[in-house]
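Residues per chain, in single letters:
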Amino acid sequence: MTIPTIRKRADFLAANRGIRVARAGFVLLAQPNGGRGKRFGVTVTKKIGNAVVRNRMKRRFRELLRAALPEAGLPDHDHVLIGRDRGVERDFATMRGELAEALARAAAGKGDPPRRRRPEGRKG
RNA sequence: CCAGGGGGCCGGGCAGCCGCGUCGCUCGCCAGAGCGUCGAGGAAAGUCCGGGCUCCACGAAACGAGGGUGGCGGGUAACGCCCGCCCGGGGAAACCCGAGGGACAGUGCCACAGAGAGUAGACCGCCUGCGACCCGCAGGUAAGGCUGAAAGGGUGCGGUAAGAGCGCACCGGGGCCCUGGCGACAGGGCUCGCACGGCAAACCCCACCCGGAGCAAGGCCAAAUAGGGGUCUCGCGCGAAAGCAGGGGCGUUUCGUCCCGAGAGACCCGGGUUGGCUGCUUGAGCGCACGGAGCAAUCCGUCGCCGAGAUGAAUGGCUGCCCCGGCGGCGUGGGUCGCUAGCGAUACCGCCCGCCGGACAGAACCCGGCUUACAGGCCCCCUGGCUCC
RNA sequence: GCUGCUGUAGCUCAGAGGUAGAGCACUCCCUUGGUAAGGGAGAGGCCGAGAGUUCAAUUCUCUCCAGCAGCA
């Protein structure tokens, strides 16, 4: 059975409020989605590279998630991977290990502090 | 063989396991499953031009504004693209480069330097005359000097007080005519001593072209909110009715046309939606297939083929072998060099093994071009040089 | 998808075909017991890159490269 992907911008924004685990090649976000099963999505910004680099990174991340989520994924959660600079052509086996670690930490509820979208005292 | 120039093409291949998207068939109540099928590029890129398609505006013509193009002929749906030719420039040649109309329609600019920068001009010179000691004054002169990107045709001879197209020959240039060419233009003849430098990617003039927006176009369905408020302008007349008067719009004008006709129009504020389906891929399509026209671009006919339709966006992950390049190895074969003559050194050429690397780059409605990026490789043609027959 | 703007000294910006400038900042000197302020002097730039037009380009034209903004 295939795992559905996240297709709405609002769901991606909502994932920002969930558990956040950073690794060298990516950042994992996990957020409960109210009984819609395990889903995943991938975000790679223009900062990372051109279209070829971005698309390849997304494809490799999808492959990682398809392999890992059925066993280690959090039930009824949205999983979002955000690409980072060091994830470009990063060794696949290494990232597989990193994703397993990150999912384990997320399952245990141990995330990194959430990013501040608007620092205090500053106008956005 | 070396150096150079032009054109065309490819841009990893094969296999295995696990996966993704479209379409078709089968099974299933549904969710879905199985099988088959097809699945990125030469630039898909930049968005610099030209179109198709869709909606908006529109009655047509003329004029105007703004923008673009600019040798000639052809090709094309069209183009600012392509082909051929002309002219100018570069190169020894093959070949390459050129926004390449007009400067007697007008306005303008040409800094600095320099005597003088566009109706020429007298600083140094040169010559003549006068006064006279170096020199000064007046006049003539554009051959020489200086400056500059550019000095008002060039060279030579004659001529002259010195000079000057002042005269002559040749070259350059303008005008007219003839011949060749569809034409740009070329060749020739006659004539004019030459009166008019450059810049139009300065304004401009001439010729030709152009309505606006873009698939988030546009259409359908569903859900939700609202069926609002404010300001201004014009108007609230006749008729039973059709309609007329009147008002407003169409860049302007003329004729005309559309809307309203008792409400209309313009602007602003406020509120809701960023779901699904469609458009969506068969088209100015592709073919190193054949025939024909043409120097070519390209066109015509016949035959054959269907080659992506995603939408948080599909072609991927891992592995093995092969191919190419680089690095390393007390690994080996050869070559070269050294000497104690069977050992040593090797930066040269192979083989084997190991490691690393294999460009630029991802369709987003679709075509034709241009431009830019690109590791490496293949093929064809041309020019020059060397060697051999 | 479409459209517009910007790129000049370390920073913020002028400049309009011939010589590149201003303010702040920087260095040195004067002033002060010292600092700030003030005064004087000075350094700092292939004008984002490459072609073209022109005698001459930061300026005009074209092509790239960055960055920013707007519309649907």
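Look above for the structure.
All figures in this text were calculated on a predicted structure; none of them were measured in a lab. (Residues numbered from 1 in each chain as written. Chains lettered and ligands numbered in written order. Predicted model: local features only at pLDDT ≥ 70, side-chain atom pairs only at ≥ 80, totals over all residues. Heavy atoms only, no water.)

Enquirer: Mind laying out the packing of aromatic side chains, listing which residues take part and the relevant values?
Expert: In the structure shown here, the tally under the stated rule is 1 aromatic pair. Ring centres 6.1 Å apart and planes at 80 degrees place the aromatic pair F26 and F61 in the edge-to-face group. Of this pair, F26 sits in strand β2 (residues 26-32) while F61 sits in helix α2 (residues 51-72), and the two are 35 residues apart along the sequence. Residue F26 shares its accessibility class with F61, and that shared class is buried. (Phe/Tyr/Trp six-rings, centres within 6.5 Å; stacked < 30°, edge-to-face > 60°. Helix = DSSP H or I, 4+ residues; strand = E, 2+ residues; numbered from the N terminus. Buried < 20%, exposed > 50% of the residue type's maximum accessible area, 1.4 Å probe, protein only.)

Enquirer: Can you break down the nonpolar core residue by residue, with the values?
Expert: Of all hydrophobic cores here, the largest spans 22 residues; its most connected members are F61, L65, L81, L99 and L103. Looking at this core, the elements that each hand over two or more residues are β2, β3 (39-43), α2 and α3 (92-107). Among the elements that line this core, the one with the most residues is α2, at 6 residues. Apart from residues lying up to four places away in sequence, L81 is in contact with F26, V27, L28, G41, V42, T43, F61, L65 and L99. With 5 residues, the next largest nonpolar core counts I6, A15, V27 and V80 among its residues. (Core = buried A, V, L, I, M, F, W, Y, C linked by side-chain atoms within 4.5 Å. Contact = heavy atoms within 4.5 Å.)

Enquirer: I'd like a description of the side chain of D78, backed by residues and values.
Expert: Mapped onto the elements, D78 comes out in strand β4 (residues 77-83). A residue is classified by how much of its surface remains accessible, and D78, at 4% relative accessible area, is buried. Side-chain polar atoms of D78 contact the side chain of R39, separated by 2.8 Å. Contact partners of D78, with chain neighbours within four places excluded, come to I6, D11, L29, A30, Q31, N33 and R39. (Polar contact = N/O pair within 3.5 Å; in protein donor to acceptor, adjacent residues only side chain to side chain.)

Enquirer: Lay out the sheet that holds strand β1 (residues 19-22) with the relevant residues and their values.
Expert: Strand order in this open sheet of 4 strands is β1-β2-β4-β3, and the pairing throughout is mixed. On the outer flanks of this sheet lie β1 and β3, each paired with one strand and no other. Adjacent strand axes in the sheet meet at a mean angle of 15 degrees, parallel and antiparallel pairs treated alike. Pairing of β2 with β4, which is carried by 7 bridges, proceeds in the antiparallel orientation. Looking at β4, one finds that P32 is bridged to H77. (Pairing = 2+ DSSP bridges. Axes fitted to C-alpha atoms, helices over the stretch in contact; angles between N-to-C directions.)

Enquirer: Describe the packing of α2 against α3, with residues and values.
Expert: At a minimum axis separation of 10 Å, α2 and α3 run at an interaxial angle of 45 degrees. As summarised for this structure, α2 and α3 are arranged oblique, according to the angle between their axes. For the pair α2 and α3, the crossing hand works out as right-handed. Each of R60, F61, E63, L64, L65, A68, L69 and A72 in α2 lies in contact with α3, whose residues at this interface are F92, M95, R96, L99 and L103. Of the residues contributing to the contact of α2 with α3, the split by class is 10 nonpolar, no polar and 3 charged. (Parallel < 35°, antiparallel > 145°, perpendicular 65-115°, else oblique. Left-handed = near helix turned anticlockwise from the far one by under 90°. Nonpolar A, V, L, I, M, F, W, Y, C, P; charged D, E, K, R; others polar.)

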